[in-house]
Amino acid sequence: MFRKPGLSVLEAQRLCRDACGALCCQGPQVLVLDAHEVAPMRDHAARLEAELVLHTHPDGRASLRFPDHEDDRCPMLDDTDACRIYDARPTRCRAFPEGPRPGCVISSDET
Ligand code: SF4
Ligand code: SF4
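Rules of the game
Each chain has its residues counted from 1, running along the sequence as written. As they are written, the chains are lettered A onward and the ligands numbered 1 onward, keeping that order. The predicted nature of this model means local features are confined to residues of pLDDT at least 70 and side-chain atom pairs, given and counted, to a pLDDT of 80 or more, with totals for whole chains, interfaces and linings taken over all residues. Whether two strands pair comes down to DSSP finding at least two bridges between them. Numbering of helices and strands starts at the N terminus; helices are DSSP runs of H or I of at least 4 residues and strands are runs of E of at least 2. We count a residue as near a molecule or strand when its backbone-placed C-beta atom lies within 6 Å of that partner. Residue classes follow a fixed rule: Ala, Val, Leu, Ile, Met, Phe, Trp, Tyr, Cys and Pro count as nonpolar, while Asp, Glu, Lys and Arg count as charged, and any other residue, Gly among them, counts as polar.

Moving on to the sheet that holds strand 1 (residues 30-33). Across the sheet, three strands lie side by side as 1-3-2; this open sheet has antiparallel pairing. Both outer strands of the open sheet, strand 1 and strand 2 (55-56), are each paired with one neighbouring strand and no more. As paired elements, strand 1 and strand 3 (residues 62-65) share four bridges and run antiparallel to each other. Paired with Val32 across the strands is Ser63, a residue of strand 3.

Have a look at this one:
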């Protein structure tokens, strides 16, 4: 995760929810899970009683397409736009953004 200088992880988590509305966790996007992340994601969904649609790849990875879910949102998001599995979120969620991205308030002041 790339953050603006001086921004802590906790501050970034709060900004993702309150200032951005978790834009990268919804919309016409696809989250690709590594093979070892597929079973834990199914377990999280079962525990949270969230509907989860995954498209598995021949190599064991799986695609979670937000548009397959209610309101085009990742099923791990709660009603306040917070990730319900933040501490255990998949690799790609942890890595994003990889650099300054306009419109991403934790990484850039550009809109
Ligand atoms: S786009 Fe940036 S600020 Fe918005 S939720 Fe994603 S990482 Fe957080
Ligand atoms: S798992 Fe969490 S961080 Fe990743 S897309 Fe879903 S809500 Fe966002």
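Here we come to the site of ligand 2. Taken together, Cys25, Leu31, Cys74, Met76, Leu77, Cys83, Ile85, Arg89, Pro90 and Cys93 make up the full set of residues adjacent to ligand 2. Classifying every residue of the shell around ligand 2 by side-chain character gives nine nonpolar, no polar and one charged.

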